[in-house]
Amino acid sequence: MVDDFRTYEGQPAASCRKAAEECRRDDEIEIGAAIHRRICENLTRISSSFGRKIHVLDVGCGTGRHFHCLRNVELLVGVDISAEMLRAAETPVKSEEISAENIRLLQRNIYEHTFSSGMFDFIYSLGVFGHGASLTAELGRKFYHWLEEGGRLYVNTIE
């Protein structure tokens, strides 16, 4: 399953546009759900726990559904393989609640991209792994390398 992400990466643009439109509609529904509130509380708690401004990486940020949950963020880097999802992330849900000082959206394949060592205090990925993308040992090593000492990682996987 390690190479399954290439299947998604090669999808036709129309399919990605449709997925982005569906995700945006889902955002409006999802933000009222108990699971979203619980995830949001976790993201708020973790990002607030540093006691200083932090750098955050959202792996597979999609439409930016969780951006509003973060606190004390100087730099938020959202990475997604889909340009259409990133276009939606330019105007995420609850944008009036987003407190990140600087947001950078990057269209990248996270398996092939790299960041500087210790660049992030907090890395999270929600709803990505298990949808044709494996949470591999190599990717785990990358996350570890990208985290500042004492940094935090928060991911989930979908069966």
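Remember, predicted model here, so these are calculated numbers, not experimental data.

Overview of the overall build of the chain
- Within the chain, the regular secondary structure consists of 5 helices and 5 strands.
- Ordering the α and β elements of the chain from the N terminus gives α-α-α-β-β-α-β-β-α-β.
- In the chain, which comprises 159 residues, the share counted as buried stands at 43%.
- At a minimum sequence separation of 6, the contacts of the chain that also span at least 24 residues come to 76%.

Description of helix H5 (residues 137–146)
- Burial in H5 covers these residues: Leu139, Lys142, Phe143 and Trp146. Seen from one end, H5 has its buried residues packed into an arc of 100 degrees, which puts them on one side. Counted as exposed and oriented over 90 degrees from the buried face of H5: Ala137 and Tyr144.
- Along its buried surface, H5 packs onto strand E1 (54–59), strand E4 (120–129) and strand E5 (147–157).

Points about the state of the cysteines
- For the structure shown, the criterion picks out 1 disulfide.
- Residue pairing for Cys40: its cysteine sulfur links by disulfide to Cys69, the two sulfurs lying 2.2 Å apart. One disulfide, between Cys40 and Cys69, carries an S-S torsion of -115 degrees and so falls in the left-handed class. Of this pair, Cys40 sits in helix H3 (residues 34–48) while Cys69 sits in the loop between E1 and strand E2 (73–80), placing them 29 residues apart in sequence.

With respect to the side chain of Asp121
- As for its position among the elements, Asp121 is in strand E4.
- At 2.8 Å, the side chain of Asp121 and the backbone nitrogen of His55 are in polar contact.
- Excluding residues that lie within four positions of it along the chain, Asp121 makes contacts with Phe50, Arg52, Ile54, His55, Leu147, Glu148, Gly151 and Arg152.

A look at the confidence of the model for the chain
- Taken residue by residue, the chain gives an average pLDDT of 88. The fraction at 70 or more is 87%.
- Low confidence marks residues 11–15, where pLDDT is under 50. Its contacts with residues over four positions away, or in another chain, come to 2 contacts.

Topic: the pairing of strand E3 (residues 102–107)
- The pairing of E2 with E3 spans 6 bridges and is parallel. Across the sheet, the residue bridging to Leu75 is Asn102, located in E3.
- As a crossover connection, the stretch from E2 through helix H4 (residues 83–89) into E3 is right-handed.

Some thoughts on the packing of aromatic side chains
- Tallied over the full model, the rule gives 4 aromatic pairs.
- Ring centres 5.1 Å apart and planes at 85 degrees place the aromatic pair Phe115 and Phe120 in the edge-to-face group.
- For Phe120, a relative accessible area of 0% corresponds to the buried category.
- Linked through ring pairs, Phe115, Phe120, Phe143 and Trp146 together constitute an aromatic cluster.
- A cation over a ring is seen here: Arg152 above Phe50, with NZ or CZ 4.7 Å from the ring centre.

Things to note about the pattern of salt bridges
- The full count for this structure, using the stated rule, is 5 salt bridges.
- Between Asp121 and Arg52 there is a salt bridge, with the nearest N and O atoms lying 3.0 Å from each other. Residue Asp121 is found in strand E4, and its partner Arg52 is found in the loop between H3 and E1; the two are separated by 69 residues along the sequence.
- Residue classification places Asp121 among the buried residues on the basis of a relative accessible area of 8%.
- Overall, the relative accessible area of 41% leaves Arg52 in the partly exposed class.
- Note that Lys53 is salt-bridged to Glu101, the shortest N-O span being 2.9 Å. One end of the pair, Lys53, is in the loop between H3 and E1; the other, Glu101, is in the loop between H4 and E3, with 48 residues separating them in the sequence.

Cut-offs used in this document
Residues numbered from 1 in each chain as written. Predicted model: local features only at pLDDT ≥ 70, side-chain atom pairs only at ≥ 80, totals over all residues. Heavy atoms only, no water. Helix = DSSP H or I, 4+ residues; strand = E, 2+ residues; numbered from the N terminus. Buried < 20%, exposed > 50% of the residue type's maximum accessible area, 1.4 Å probe, protein only. Contact = heavy atoms within 4.5 Å. Arc of directions from axis to C-beta. Disulfide = S-S within 2.5 Å. Polar contact = N/O pair within 3.5 Å; in protein donor to acceptor, adjacent residues only side chain to side chain. pLDDT = per-residue confidence, 0-100. Pairing = 2+ DSSP bridges. Right-handed = clockwise from strand over helix to strand, strands pointing away. Phe/Tyr/Trp six-rings, centres within 6.5 Å; stacked < 30°, edge-to-face > 60°. Lys NZ or Arg CZ within 6 Å of the ring centre and 35° of its normal. Salt bridge = Lys/Arg side-chain N within 4 Å of Asp/Glu carboxyl O.

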